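Working through the structure, step by step
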Amino acid sequence: MLPPELPPLPALTRAEAELIDRYLEVVDLLGRINPARTRHTYGGLRAAQALVGRASALRDALALMHQRGESELHAATLARALRVLGGERRAGRVGVPPSTGR
């Protein structure tokens, strides 16, 4: 049995797609660094080192959009793209997990 088909990505400009990709990379790295969700320092260290470059790439994507005159973000469209790409699940790893009652 095949997994359910994902909804299609909304139409994005190349710059918007770049923004979404770089944003999710940063979110993934922050999730790996989250001390409430990891057991070893080495993985967090490696993710923190990579975060510098990914944050710069995210900044560059936004700067390029601004230079091109793309001054507004279409939040609803970008939110749909984030949902299709698992953004809610991925961002959930950044927060503190629920209390276990201890």
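Residues numbered from 1 in each chain as written. Predicted model: local features only at pLDDT ≥ 70, side-chain atom pairs only at ≥ 80, totals over all residues. Heavy atoms only, no water.

It is worth spelling out the overall build of the chain at this point. Across its full length, the chain holds four helices and zero strands. Starting at the N terminus, the α and β elements of the chain follow one another as α-α-α-α. Relative to the 2.2 N^0.38 estimate, which gives 13 Å for 102 residues, the radius of gyration of the chain is 16 Å and therefore markedly larger than a compact globule would have. With respect to the three principal axes, the spread of C-alpha positions in the chain is 50 × 40 × 25 Å. (Helix = DSSP H or I, 4+ residues; strand = E, 2+ residues; numbered from the N terminus. Rg over C-alpha atoms; globule rule 2.2 N^0.38 Å.)

With that settled, consider the nonpolar core. Listed in full, the 11 residues of the largest apolar core are A15, L19, I20, L24, V26, L29, A47, L51, L58, M65 and L78. Sorting the residues of this core by element identifies α1 (14-33) and α2 (41-67) as the ones contributing at least two each. Take this core: its biggest share by element is six residues, from α1. Setting aside chain neighbours within four positions, we find M65 in contact with A15, E16, L19, E70 and L73. (Core = buried A, V, L, I, M, F, W, Y, C linked by side-chain atoms within 4.5 Å. Buried < 20%, exposed > 50% of the residue type's maximum accessible area, 1.4 Å probe, protein only. Contact = heavy atoms within 4.5 Å.)

Now for the side chain of E16. With respect to the helices, strands and loops of the structure, E16 is situated in helix α1. Ignoring anything within four residues of it in the chain, the contact list for E16 reads A11, M65, E70, H74 and L78.

Summarising the element assignment, R68 is placed in the loop between α2 and α3 (75-84). Given the relative accessible area of 52%, R68 is considered exposed.

Each packed pair of helices is defined by two parameters, the angle between the axes and the distance between the axes. Where α1 contacts α2, the axes come no closer than 8 Å and their chain directions differ by 160 degrees. If you check the angle between α1 and α2, you find them roughly antiparallel. Seen from above, α1 lies across α2 with left-handed handedness. Partitioning the contact of α1 with α2 into residue classes produces 17 nonpolar, two polar and seven charged. (Axes fitted to C-alpha atoms, helices over the stretch in contact; angles between N-to-C directions. Parallel < 35°, antiparallel > 145°, perpendicular 65-115°, else oblique. Left-handed = near helix turned anticlockwise from the far one by under 90°. Nonpolar A, V, L, I, M, F, W, Y, C, P; charged D, E, K, R; others polar.)

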